[in-house]
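Residue-level structure breakdown
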Amino acid sequence: MTRWDLTAEEFKEAVLENIKNQFRRTIDQATKEQIFQAVALAVKDIIVDEWIETHKTYETKDPKTVYYLSMEFLMGRALGNSILNLRVYDVVKEVMDALDIDLNIIEDQEPDPGLGNGGLGRLAACFLDSLATLDYPAYGCGIRYRYGIFEQQIVDGYQVERPDEWLKNGNPFEIKREEYGVEVKFLGSVRVVKEPNGRDKFIHENYQSVRAVPYDIPIVGYNNYTVNTLRLWDAEAIRKFDLESFDRGEYHKAVEQENLAKTIVEVLYPNDNHYQGKELRLKQQYFFVSATVQQVLRKFKQKHTHIGLLPEKVVFHINDTHPSLAIPELMRLLLDEEGLEWDEAWALTTKTCAYTNHTIMSEALEKWPVELFSRLLPRIYMIVEEINRRFNHFLIKDYMVKKEHLHRMAIIADGDIRMAYMSIVGSYSVNGVARLHTEIIKQEVLKDFYQVYPNKFNSKTNGITQRRFLLLANPALATFITERIGSGWVTDLPQLKGLETYVDREEDQKLFMAIKQHNKERLADYIKEHEGINVDPHSIFDIQVKRLHEYKRQLMNILHVMYLYNQLKEHSDYDMVPRTFIFGAKAAPGYRRAKLIIKLINSVADVINNDPNIHHKIKVVFIENYCVSNAQIIFSAADVSEQISTASKEASGTGNMKFMLNGAVTLGTMDGANIEIVEEVGEENSFIFGMSSQEVIRFQHTGAYNPWDIYNKNKDIRKVLIQLINGYYMPDDPDLFREIYDALLDGEGQPPDPYYILKDFESYKEAQKKVDEAYRDKKRWAKMAMLNTANSGKFSSDRTIEQYATEIWGLQKTPVDIRK
Ligand code: 26W
């Protein structure tokens, strides 16, 4: 069975067989979950043949392959996407209809594999989709966490975290590859002995180890024959139990190793953009990186006798610094296992590794305490020491850096290992994720390194996959587009430009907006079902969905809602188009202020939604548990896309692109990829406000900002701020939000309002006013919305991946032909 000759009859048979064999039931007796399992297994059957064929092709053609190393892959559900990319959606739907089963309900049975926090993890998932679609040989390499990102519940307005048991019923798409297991060693000590030839030999002793075992998940390309692999590593205990060692008291050690294996892959760290030096996290990082690099080298050596060919066949891509131990691990294997000299090993390593930086937030930059690092990874530490020593030497010798200035650039300083610096020194390519972000890296954050290695630095603006975020998530709009410009956009998004011919036609404007209306109704139903709130689908849907972080300024959004509510209360004739403000955001469980902002949003929602006197002009909704599967309902329903980070802080953003693609208008700052979005669609089709990144950076340097000046001058702001501390939204606990008030005005030891919320507030308010005015003109709005879709072509991850493949990785397209 392949995707190309699948018949309904055959597929139906497969599903019924699976239900019988897996569950000993008939279709009438099976639960929805069982039907999901049976359908998923039948789909996997289709995939497997092409998967095998793809790997045969890679075996024979032996192309250069990228190993995309990432701690996070935020994949979203696989079933719908797989049958879409296989182009068997209609057949599957036909079979389900014939069996009187709703395919949507079956798809909803699949747990959403949330093995990531936010942008970085979702980007990795979009990249895998594009790599497979564009016929590039690629592996995603990561960790098979038992528990992904927590499930968020809102209880009494507060976030409560529940474990995400995504593997509870097994994962029908994965295949365990026992035969590819490798050993990974931690702790212990290193003994150096001289070999007869004078070389030092490094013997790692008294270590604890685990067995890394890969589980492979297929990544189906769209409308081709390529099925790539996401390889997620699980940890198992190594049981080499001999009685002798038992007698020597090593029973204890065996138990320790068992525990080590269990804990390593237990859970994804739910921090986003905030580093905590947790030992277990360092274990996770070394665990999956060591397993991957070992296995890749093993495979390479089966094919090649000359290790010097490595950079021609392999590239390790380091997704932020989290997998940067690939650099010293590759060094270790080349030195200790392959017997290379330092210079040879270093030359190969620095031609094989490439690094992407995803954030400039200083609190997100990883630095590991030497004490912890050297204890957990004693041999790796020796290698990092040596990398640092040689790098310092190079700076002094080639760059005339004075000894006393070395500290600024040293990889090891102040008792910490700075992972970003190690990543730059050990990689041949360093890229930012949007034009502005790359400039800030070059001119501010990593300026010293840019001066030393100008040629390593490059920019790759992020992208998203239109297959998941338009074709799958917004079928009505997908059909509208295809009826006008054909279906080429599915693999060539810039073709959307062809829609510009239609933006002035009233008939098409109406149809486009009718689709938006339909999607808004779909979201309204979801909100009714999940949050119990009635919203008016004819109001403006103004949406901010993303991780909760102060720099993303959800607080500014809700303060503005409070301001608008005050206007309605003060002026009975206040004229505004009814608006539904929709939020969705998970806060890191330990990020107290972020959690308090969630509580504030919910408290404001409670008061406003239950005030009959404002005639439903405003509704506020906090959607619980924002994740990939509800994102697929949310983006298509937006009129306004809130992208309001403090300029310079958001590296790129990718939610902004998903909204644009689905015909929402950006209300945003000149930050991250917003700049490039505006460049594509035109400022007249966006609502831009606030300080520029230059202004923000200047204020940060001079410290010349006092939010009290604004507070004293602006009575609207003052009123809103006072409502934070007078119990207006929290009568039972008037001091609850004082922390937020204080952070905006006094900062308690920190600079006040570090994200310039009050500074940008007026300009945000003005931009919001313009949104209101523009929406009243139905034709103008429809045209703007259509132009956003039409000009979103640049933001496909297909474009991004083509750039990575040609400009960084040097990959060749390696198509698979199953018919040969
Ligand atoms: C160590 C803790 C930690 C965890 C995650 C630090 C940093 C991260 C990520 C790098 C944060 C992240 O997801 N960054 C986002 O990456 C996206 C993809 O490039 C960008 O679009 C976002 O702007 C950026 O915030």
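Rules used in this analysis
Residues numbered from 1 in each chain as written. Predicted model: local features only at pLDDT ≥ 70, side-chain atom pairs only at ≥ 80, totals over all residues. Heavy atoms only, no water. UniProt positions renumbered as here; feature names shortened; annotations may be inferred. Core = buried A, V, L, I, M, F, W, Y, C linked by side-chain atoms within 4.5 Å. Buried < 20%, exposed > 50% of the residue type's maximum accessible area, 1.4 Å probe, protein only. Helix = DSSP H or I, 4+ residues; strand = E, 2+ residues; numbered from the N terminus. Contact = heavy atoms within 4.5 Å. Near = heavy atom within 4 Å. Polar contact = N/O pair within 3.5 Å; in protein donor to acceptor, adjacent residues only side chain to side chain. Areas by Shrake-Rupley, 256 points an atom, 1.4 Å probe, with all protein chains shown as cover. Nonpolar A, V, L, I, M, F, W, Y, C, P; charged D, E, K, R; others polar. Pairing = 2+ DSSP bridges. Axes fitted to C-alpha atoms, helices over the stretch in contact; angles between N-to-C directions. Salt bridge = Lys/Arg side-chain N within 4 Å of Asp/Glu carboxyl O.

An unreviewed UniProt entry lists the protein chain under the name Alpha-1,4 glucan phosphorylase, with Vallitalea pronyensis given as the organism. Recorded under Sequence similarities (unreviewed entry), the UniProt text for the protein chain is reproduced unchanged: "Belongs to the glycogen phosphorylase family." As stated in UniProt under Catalytic activity (unreviewed entry), the record for the protein chain gives "[(1->4)-alpha-D-glucosyl](n) + phosphate = [(1->4)-alpha-D-glucosyl](n-1) + alpha-D-glucose 1-phosphate".

**Regarding the nonpolar core**
One finds Phe-186, Phe-287, Phe-373, Ile-411 and Trp-809 to be the most contacted residues of the largest nonpolar core, which totals 118 residues. Among the elements that take part in this core, helix H8 (residues 279-303) stands out by supplying 10 residues, more than any other. With residues near it in sequence (within four places) discarded, Phe-186 still touches His-204, Tyr-207, Gln-208, Val-210, Leu-260, Ile-264, Lys-283, Tyr-286, Phe-287, Leu-376 and Leu-377. In terms of nonpolar packing, the next biggest core, distinct from the first, is built from 71 residues, Val-561, Ile-608, Ile-614 and Trp-781 among them.

**With respect to the site of the ligand**
In the region of the ligand, 20 residues are neighbours, and Leu-120, His-358, Asn-462, Glu-650 and Gly-653 sit closest. Within the side chain of Glu-650, one N or O atom sits 2.7 Å away from an oxygen atom of the ligand. A distance of 2.8 Å separates an oxygen atom of the ligand from a polar atom in the backbone of Gly-653. Alone, the ligand offers 570 Å² of accessible surface; in the complex the protein occludes 97% of this. Its residues placed into classes, the shell around the ligand shows 7 nonpolar, 9 polar and 4 charged.

**Topic: the sheet that holds strand E24 (residues 665-668)**
A sheet is described by the order of its strands in space; here 6 strands give the open sequence E22-E21-E20-E23-E24-E25, paired in parallel fashion. Edge positions in the sheet fall to strand E22 (618-623) and strand E25 (687-688), since each has one partner strand and no second. Judged from the 2 bridges that link them, strand E20 (residues 540-545) and strand E23 (residues 640-643) form a sheet pairing that is parallel. Residue pairing across strands places Asp-542 opposite Val-640, the latter belonging to E23. The strands touched by helix H22 (residues 592-609) are strand E21 (579-584) and E22; relative to E22, the strand with the most contacts, the crossing angle is about 140 degrees.

**As for the environment of Ser-763**
Within the secondary structure layout, Ser-763 lies in helix H30 (residues 757-776). Residue classification places Ser-763 among the partly exposed residues on the basis of a relative accessible area of 27%.

**Description of the sheet that holds strand E16 (residues 412-413)**
Judged by pairing direction, the sheet is antiparallel, and its 3 strands sit side by side in the order E15-E17-E16 without closing on themselves. The open sheet has two edge strands, strand E15 (367-369) and E16, and neither has a second partner. Where E16 meets strand E17 (residues 416-418), 2 bridges bridge the pair, whose relative direction is antiparallel. The residue bridging Ala-413 from the neighbouring strand is Asp-416, located in E17. Helix-sheet contacts for helix H15 (residues 419-426) involve E15 and E17, and the interaxial angle to E17 is about 45 degrees.

**Focus: the pattern of salt bridges**
Evaluation of the coordinates by the stated rule reveals 61 salt bridges. Put simply, Asp-798 and Arg-467 hold a salt bridge, and the shortest N to O gap is 2.7 Å. Residue Asp-798 is found in helix H32 (residues 797-809), and its partner Arg-467 is found in helix H18 (residues 466-472); the two are separated by 331 residues along the sequence. Residue Asp-798 is classed as buried on the basis of its relative accessible area of 6%. Given a relative accessible area of 0%, Arg-467 falls into the buried group. Several salt bridges share partner residues, and in doing so they unite Arg-144, Arg-146, Glu-174 and Asp-234 into one network.

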